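Commentary on secondary and tertiary structure
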Amino acid sequence: MTHWIKILVETNECAAGRLAEALEGLGAIAVSITGEGEPLPAKRRQSAKHLSRTSVSGLFEPEFSINTVSSFIRAIGDTDTIIRVETIADRNWELVTREQFVPFPISDKLWICPSWHVPPDPDVTTLIIDPGAAFGTGYHPTTALCLHHLSGLSLHNKRVLDWGCGSGILAIGAYKLGADSALGVDIDPQALAVSQENAERNGIHQSVQWVAPEAVAKKCQFEIVVANILANPLIELAPILKHYTAIGGTLMLSGVTRPQTERVVAHYRDTFSFDILYRQEWALLVGRKRSVLLT
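We now turn to the structure provided with this report. Since the model is a prediction, treat every value here as computed from it, not as a measurement.

Rules used in this analysis
Residues numbered from 1 in each chain as written. Predicted model: local features only at pLDDT ≥ 70, side-chain atom pairs only at ≥ 80, totals over all residues. Heavy atoms only, no water. Pairing = 2+ DSSP bridges. Helix = DSSP H or I, 4+ residues; strand = E, 2+ residues; numbered from the N terminus. Axes fitted to C-alpha atoms, helices over the stretch in contact; angles between N-to-C directions. Contact = heavy atoms within 4.5 Å. Core = buried A, V, L, I, M, F, W, Y, C linked by side-chain atoms within 4.5 Å. Buried < 20%, exposed > 50% of the residue type's maximum accessible area, 1.4 Å probe, protein only. Salt bridge = Lys/Arg side-chain N within 4 Å of Asp/Glu carboxyl O.

The 3 strands lie next to each other as β5-β6-β7, forming an open sheet whose pairing is mixed. Here the strands that pair on one side only, and so sit at the sheet edges, are β5 (104-107) and β7 (125-128). Between one strand axis and the next, the sheet turns by 30° as a mean value, whatever way the strands run. Note: strand β6 (residues 110-113) against β7, 4 bridges, orientation parallel. Residue pairing for β7: C113 is matched across the bridge by I128. The strands touched by helix α5 (residues 169-176) are β6 and β7; relative to β7, the strand with the most contacts, the crossing angle is about 155°.

This is how it looks when you write it as structure tokens:
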């Protein structure tokens, strides 16, 4: 009988969703999130240590490197993250995974639906996205924040750049919501391949492009630029994302927790005026590029 590797991560609720997507991206064939108690009232959640604890588990094939997974988890988890490893007997893990993913609404204009379900409303824009080997299923608050905001924008005659596209969900969503064009960029060739597969599932594989960063033309600018990554990479990417956002354009930055917002905004404030939207402990920074830059 085959025995599988189950990696359990105990962390705070703020980090749980991102860790679940990380496990998917690392190749887990099943991922689950279970809380150890009711979330604390918002007024008591002033720091990570006051967040309720949450367990995230991922199931991996027997030959998968535990050290690879553990190193990645520690790089993106909180300081109190605890990792445990178990071996468990074989089951129909594909069925278990499918039972966890059901259609769900992002807004009154947009739904996420896995390919094994029938879209619940044919009159609403639906993104067909399966859990797989790249970040971005729509379940994590940062992805949902970005998609919800995109669904409220007028995207007609807009060009969209999704930097760090992962599964391609934001570029695909933008195009299906009415953008004239969408370009997804990622340093990971696997992410670009997964994005293309997702575009094919959504019937727009000839309409959205996926490229490595060095392939983006320097003279290109976009009316909407989205980057759902993490705080430190967003800071490092500030000169690039500023450059590619057109004057008067919108820059959407996410993957940022509430305490990190000011630190990220500080690197863009000379160029953008920001509004900040929140969901749970996560933030979406929505910037408008000024025609006159601050000095």
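Next comes the rest of the account.
The nonpolar side chains of a soluble globular protein tend to be buried with one another. One finds I112, L127, L147 and W210 to be the most contacted residues of the largest nonpolar core, which totals 32 residues. For this core, the secondary-structure elements that each account for two or more residues are β5, β6, α4 (141-151), α5, α6 (189-201), β10 (208-211), β11 (222-228) and β14 (282-289). Ignoring sequence-local partners within four residues, the contact set of W210 consists of C165, G168, A171, I172, G184, L192, S195, Q196 and A199. Core analysis: the second largest hydrophobic core is formed by 27 residues, V216, L251, V265 and F274 among them.

So, on to the pattern of salt bridges. Across all of its chains, the model carries 5 salt bridges by this definition. The salt bridge involving R201 is made with D130; its shortest N-O contact spans 3.3 Å. Highlighted residues: R201 in helix α6 and D130 in the loop between β7 and α4, separated in sequence by 71 residues. The closest approach of N and O atoms between E262 and R269, which form a salt bridge, is 2.7 Å. Residue R269 is classed as partly exposed on the basis of its relative accessible area of 36%.

Bringing the sheet that holds strand β12 (residues 245-257) into the picture now. Read across the sheet, 7 strands follow the order β10-β9-β8-β11-β12-β14-β13 without closing on themselves; strand pairing throughout is mixed. Edge positions in the sheet fall to β10 and β13 (272-279), since each has one partner strand and no second. The mean angle between the axes of side-by-side strands here comes to 15°, regardless of whether they run parallel or antiparallel. Note that β13 and β14 share 8 bridges and pair antiparallel. From the neighbouring strand, F274 faces β14, where its bridge partner is G287. Across the sheet, α4 lies against β11, β12, β13 and β14, angled at about 35° from β14, the strand it touches most. Relative to β10, α5 is tilted by about 160°, and along the sheet it contacts β8 (159-163), β9 (181-185), β10 and β11.

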